[in-house]
Amino acid sequence: MTEIPAEADIRCPAETIFDLIIDFRGQDRWLTRSSAYHGTAEVSANPVALGTTYREPGPFGVRHGRVTEFERPTAITFHQPMTMRLHAGTVDVVMRYTLTPGEGSTRVRRLVTLGIPRSLRLVQPVLIRAFRIESARTLLALKAYADALRGS
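So, here's what we can say about the structure. (Residues numbered from 1 in each chain as written. Predicted model: local features only at pLDDT ≥ 70, side-chain atom pairs only at ≥ 80, totals over all residues. Heavy atoms only, no water.)

Digging into the overall build of the protein chain
A tally of helices and strands in the protein chain yields 2 helices and 7 strands. Traced from its N-terminal end to its C-terminal end, the protein chain shows the element sequence β-α-β-β-β-β-β-β-α. Since a compact globule built from 152 residues should have a radius of gyration of about 15 Å, the 15 Å found for the protein chain is in line with a globular shape. The dimensions of the protein chain, computed from C-alpha atoms along their principal axes, are 45 × 30 × 25 Å. Burial status across the protein chain gives 45% buried among its 152 residues. Summarising the internal contacts of the protein chain: among those between residues at least 6 apart in sequence, 49% fall at separations of at least 24. Total accessible area computed for the protein chain in this model is approximately 7900 Å², and 55% of it derives from carbon and sulfur atoms. Separation of charge centres in the protein chain, based on 20 positive and 15 negative side chains, amounts to 7 Å. (Helix = DSSP H or I, 4+ residues; strand = E, 2+ residues; numbered from the N terminus. Rg over C-alpha atoms; globule rule 2.2 N^0.38 Å. Buried < 20%, exposed > 50% of the residue type's maximum accessible area, 1.4 Å probe, protein only. Contact = heavy atoms within 4.5 Å. Areas by Shrake-Rupley, 256 points an atom, 1.4 Å probe, with all protein chains shown as cover. Lys, Arg positive; Asp, Glu negative; His and termini not counted. Charge placed at Lys NZ, Arg CZ, Asp CG, Glu CD.)

So this is what it looks like as structure tokens:
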């Protein structure tokens, strides 16, 4: 298993940040599309709740996600196995947000855990790099948007 941690202090209440994370249909307000992220489709419930399912197509494959932890406003976990293109296997992806309220800000930790099958060992460095870049980009975008909300 490979873990990709990212952290940021966001000048916004944990409740507001949590609401931004779980509003899949409103994500385009703060998270632009990228070469790795093409948006979230087929969401079974909005706002998201425990057990909500969704689909995220991407350049390497399709992630079929489910919310497996929902502890408002401090923790949310998404299990989203990614079925690789060309039947190359499935990457087990778990993404967990932990929000720790503080004085004047919230510490947001985003931990992505990857289980990459042996069949994909040759492309493992490419996959890990892509997930690392996208995870950092997502957290920075969340921080910029939430910080601006607090400033307005």
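Continuing now.
Things to note about the side chain of Asp 147
Secondary-structure assignment places Asp 147 in helix 2 (residues 124-151). Using a relative accessible area of 9% as the deciding quantity, one classes Asp 147 as buried. Side-chain polar atoms of Asp 147 contact the side chain of Lys 143, separated by 2.7 Å. The contacts of Asp 147, once residues within four sequence positions are left out, are Ile 10 and Arg 11. (Polar contact = N/O pair within 3.5 Å; in protein donor to acceptor, adjacent residues only side chain to side chain.)

What about the pattern of salt bridges?
Overall, the coordinates contain 11 salt bridges when judged by the stated rule. Residues Asp 147 and Arg 11 are paired through a salt bridge, measuring 3.8 Å at the closest nitrogen-oxygen approach. With Asp 147 in helix 2 and Arg 11 in the loop between strand 1 (2-10) and helix 1 (14-22), this residue pair connects regions lying 136 residues apart in the sequence. Here Arg 137 ties to Glu 134 by a salt bridge, and the two come within 2.7 Å at their closest N and O atoms. (Salt bridge = Lys/Arg side-chain N within 4 Å of Asp/Glu carboxyl O.)

Topic: the pairing of strand 4 (residues 75-79)
Remark: a regular strand shows side chains that alternate across the two faces of the sheet. Most of strand 4 sits out of view: 4 of its 5 residues are buried. Counted along the chain from strand 3 (residues 61-71) to the antiparallel partner strand 4, the turn is 3 residues long. Relative to strand 6 (residues 90-101), strand 4 runs antiparallel, the two sharing 5 bridges. Considered in strand 6, the bridge of Thr 77 is made with Arg 96. (Pairing = 2+ DSSP bridges.)

Points about unusual backbone geometry
In this chain, Arg 72 is followed by Pro 73 through a cis amide linkage whose omega measures 0°. Mapped onto the elements of the fold, Pro 73 is located in the loop between strand 3 and strand 4.

Describing the environment of Val 43
Take Val 43: it is sitting in the loop between helix 1 and strand 2 (53-57). Residue Val 43 is classed as buried on the basis of its relative accessible area of 12%. When the C-alpha positions of Val 43 and Gly 65 are compared, they lie 9.3 Å apart, and in sequence the two are 22 residues distant. Among residues more than four places away in sequence, those in contact with Val 43 are Phe 24, Arg 25, Thr 52, Thr 53 and Tyr 54.

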